[in-house]
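Secondary and tertiary structure notes
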Amino acid sequence: MASSIEVNKKRVCDFLAEGKEHKFVIPEYQRPYEWDQEQVDTLFDDLWEFSASEKDESEDYFLGCIVFFENEGEYEIIDGQQRLTSLFLFLRAIYGALEAGEESKQSKNFMGKIEKSIWPEDDLTGEVFKDRTLLESRVVDSQFGDVLTDILTTGSAIDEHDDHYSENFRRFQSRFKEAAAENSLSIYQFLNDITKHVIIFPIQADTQETALRIFSTLNDRGLPLSDADIFKAKIYGFLNDAEKDQFIKEWKALDERANESGESIQRLFYYYMFYLRAQEEDVSTTTPGVRRYYADNKFSRLKDPALMDDLDAMMDIWEVVNARMIDEEKPWTNNTEIRKILDTLNMYPNEFWKYPVTVYYLEHRNKEGFEVKFLAFLKKLAAEMFAKFLKTPTVSAVKPGVMKLNASILKSDTPEFEFGEVDWKSIRDQVKLPNKRSFRMLLALHAYTEQDNLLPAKWEIEHIFPKKWQSSHFPTYDESIVNEKIKHIGNKVPFEKKLNIVASNGYFEKKQKEYEKSEVEVTKALSEKSPASWELQDIDERDVRVTDTIIETLQEWSGSYQANAEDTLIPIMSDEDAEALKALKEKYGNSILGL
C-alpha cells in the first residue's frame, strides 16, 4: 500500500491550536531539547526584522516544516521538535509580559490568541485550562520534561535551573521586554505579524515510517533519528516504572562503551538481527531492513529480557577488534592467535564475517573450552571466507554459506561449514595477483605468520618497487611487464607510511633505511636484504614465497578443523612448551615426536 502525506500551509497559531484535538507529543526516541541562546536570538531578530520591514499584506514569514503523524489520537513530532518547543516558550513569554502589563484591547486580543495556542479550553464555555498544555515532551534521555510543563503552566523558570528550557525562556522574556520598552508603538504590530503572517508547513504522514523517511530526506542540518533511537523508546515503553531508570543507565553505559570502541548501538542491533534470524532458522540471503525487522509483530523482539545483556556481551568482541582492548576477566581477549585472526578478518572486504562471529560468541561464550574452540572456529571461518572471496570476489559468493553457518552455530560449537569445496591449487593466481580489495587481508595474514604483536592500527600498502619508476635507469625493462609485476603481492608489504621514493639508482637502499624502523617484521626484514637492490626477479621469487605461505596457512586452518567435535578439546600450548617442542624437532627431527 502506497504511503500518503498531507501538506498544508498554516499560520503558526492556527496549527498550534490543533493541539486541542490532537496533543503535540515529542516522543521518547527524540533527542533532548538543545536550542541555545544564539538560536533564540536569531529567531527573535528574524521575526522582528520581518515585522519592521516594508511589506504588503500578502507577504509571510516562513518558519519551516513540522513533520508528524497521528498516533493514538496524538500528533507525534518527528521533525521540527526543537523549533516547535521554542515557539511554545516564546509565546508563553509574550503571554506573561502582556498579562503583567497594562490591560488594553490589544493585549486582551493577543492574549486570547496565544491562549488557544498553548492550553486546552472548554468547547462550550471557552474556559482555558492553564494547568495543562498542548505540548508534552516524553524524551527518554531528558530529565527536564517536567520543567517544560512547569514553565508553560506557571509562566516562570526557576532561577537556579540552567537547562535549555529555562535559559531560553528567560532569554525570550528579556528580548521581548527590551523590544517593548524601546519600541512601544511597534510591539502590537509585531504580535499581529507573529499571529497572522508567521507560516509553517505541517507535513502529516500516515505512518511513523513514512514520517521518518520524510525527515531523513528533508533534514540537512542535523542527524536524522536512528533506528536505535526508535528501539530505545520502544523498549522503554515496554518496561514498568521500576525498570525504566535501570534501563536508561544500561543504555547510556552501552552507548559510551560502543562509542569508545568505534561502534554504535545502531550497528549492534544490526549484528544482533543475524543472531535472532539464526534462532528462527532463517537462512535467506535477503537481508531485511533493520527497523522493519524489529518492528515486526509490534516490536515483540525488543521485549526479550536478554536483549540488553546480549548487546552488552557483543561489545566484548568489538572492543578487541576495534579498540584492541584486553579484559583480564576474559582470557580469550589476551589470546595472541585469536587477536591476530580477528585483526586479519577485520581486513576482509565486506562485513559478512562479523555475523557468524557474533552468533558464535553470543551462543557459546560461557561454555567450557570456549577459548580453544573459538580459535579453531575463527581459523576455519577465515580460511573458508578468504578462499571463497579470492575465487569469486563478490558479497553474494559468501552470503549463502554465512547464513547457513549462523544457523549451524546454534546447534554445535564446532558447526558445519557449507561454503563448498576449495581447490587450493586453483587460487594460487588469485593470491599472487588478487582483486585489489583482497590485498589488505592477505598482507595482514602473511605478516602475522612472522609476528605475534598486532600490526599498527593504521598502515599503508607499500610497493617495494615503486609505482613511479624511471625507465632511463631500467632500460632493459618492458614497461607493460613492470607495471604488471608492481601489482603482485610479492611486491607489497604493510608499512606505517607511504614512501614517496621514485625507483631510480640506489632507491632500494634508501627504502631499507625506512624499513628498518618498521614494527612490521616482514617489512623490517627487507632492510637486511643483500645485495641492496630490488629487481623484477625479486618480485617473482617473493611472489612464490608469500603465496606458498598464505595458502599453506589457510589450508592448515581449514584442515585442522573438526566439525561437530562436541567433546574434543584441543589443549592450548604455552609459549614455553612451543619453544621446547621446536628445540626437540631441531635436534631429533619429526620422527622422535611421532610426527
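Here, the structure is the one placed above.
This write-up is about the structure you can find in this document. (Residues numbered from 1 in each chain as written. Predicted model: local features only at pLDDT ≥ 70, side-chain atom pairs only at ≥ 80, totals over all residues. Heavy atoms only, no water.)

A short note on helix α15 (residues 354-364)
Along an α-helix, residues three or four positions apart point the same way, because every turn accommodates 3.6 residues. Taken across its 11 residues, α15 has 10 buried, putting it largely inside the fold. Residues of α15 that are buried sit in contact with α11 (265-279), α13 (307-321), α14 (336-345), α16 (370-391) and α17 (395-409). (Buried < 20%, exposed > 50% of the residue type's maximum accessible area, 1.4 Å probe, protein only. Helix = DSSP H or I, 4+ residues; strand = E, 2+ residues; numbered from the N terminus. Contact = heavy atoms within 4.5 Å.)

Considering the packing of aromatic side chains
Within the structure shown, the criterion is met by 50 aromatic pairs. When the ring of W332 is compared with that of F374, the centres are 5.6 Å apart and the planes differ by 90°; the resulting orientation is edge-to-face. Pair noted here: W332 is in the loop between α13 and α14 and F374 is in helix α16, with a separation of 42 residues, a long-range link. The two residues W332 and F374 agree in class, both being buried. Through a chain of ring-to-ring contacts, three or more aromatic side chains come together here, namely W332, Y360, Y361, F370, F374, F377, F417, F419 and Y561. Sitting over the face of the ring of F238, K303 holds its NZ or CZ atom 4.9 Å from the ring centroid. (Phe/Tyr/Trp six-rings, centres within 6.5 Å; stacked < 30°, edge-to-face > 60°. Lys NZ or Arg CZ within 6 Å of the ring centre and 35° of its normal.)

Points about the nonpolar core
Most often, soluble globular proteins have nonpolar side chains that are buried together. F269 and Y294 are the most contacted members of the largest nonpolar core, which totals 105 residues. Considering every element that reaches this core, the biggest residue donor is α16, with 13 residues. Ignoring anything within four residues of it in the chain, the contact list for F269 reads F231, I235, W251, V290, Y294, L302, L307 and L311. Ranked by size, the runner-up nonpolar core spans 53 residues in total, among them F15, F24, I94 and L191. (Core = buried A, V, L, I, M, F, W, Y, C linked by side-chain atoms within 4.5 Å.)

Details of the packing of α11 against α13
Look at α11 against α13: their axes get within 10 Å of each other, and the N-to-C directions meet at 105°. As summarised for this structure, α11 and α13 are arranged roughly perpendicular, according to the angle between their axes. Mapping the contact onto sequence places L268, F269, Y271, Y272 and Y275 in α11 and L307, D310, L311, M314, M315 and W318 in α13. In terms of residue class, the contact of α11 with α13 is built from 10 nonpolar, no polar and one charged. (Axes fitted to C-alpha atoms, helices over the stretch in contact; angles between N-to-C directions. Parallel < 35°, antiparallel > 145°, perpendicular 65-115°, else oblique. Nonpolar A, V, L, I, M, F, W, Y, C, P; charged D, E, K, R; others polar.)

Re unusual backbone geometry
The peptide bond linking S530 to P531 adopts the cis configuration, its omega dihedral lying at 0°. Counting through the fold element by element, P531 comes out in the loop between α22 (521-524) and α23 (536-559). Of note in this structure, N297 is not a glycine but carries a positive phi near 55°. Examined against the element boundaries, N297 turns out to sit in helix α12 (residues 290-299). Looking at N297, the relative accessible area reads 56%, which means it is exposed. Of note in this structure, K298 is not a glycine but carries a positive phi near 55°.

As for the pairing of strand β7 (residues 198-205)
On a regular strand, one side chain projects to one face of the sheet and the next to the other, so that they alternate. Counting buried positions over the eight residues of β7 gives seven, a clear majority of the element. Judged from the three bridges that link them, strand β1 (residues 5-7) and β7 form a sheet pairing that is antiparallel. Residue pairing for β7: E6 is matched across the bridge by Q204. Relative to β7, strand β2 (residues 10-11) is paired through two bridges, and the arrangement is antiparallel. By the bridge assignment, R11 is partnered in β7 with I199. Taken together, the eight bridges between strand β4 (residues 61-71) and β7 define a ladder with parallel strand orientation. By the bridge assignment, F69 is partnered in β7 with A205. (Pairing = 2+ DSSP bridges.)

Let's talk about the pattern of salt bridges
Taken as a whole, this structure holds 38 salt bridges when the rule is applied. With its nearest N and O atoms 2.9 Å apart, the salt bridge here joins R257 to D312. Of this pair, R257 sits in helix α10 (residues 241-260) while D312 is found in helix α13, placing the two residues 55 residues apart along the sequence. Among the residues examined, D312 registers a relative accessible area of 35% and is labelled partly exposed. Across the pair D452 and K340 runs a salt bridge, and its minimum N-O distance is 3.0 Å. Within this pair, whereas D452 is found in the loop between α19 (439-447) and β8 (460-463), its partner K340 is found in helix α14, the two being separated by 112 residues in sequence. (Salt bridge = Lys/Arg side-chain N within 4 Å of Asp/Glu carboxyl O.)

Spatial relationships are all this shows, so hold off on functional conclusions.
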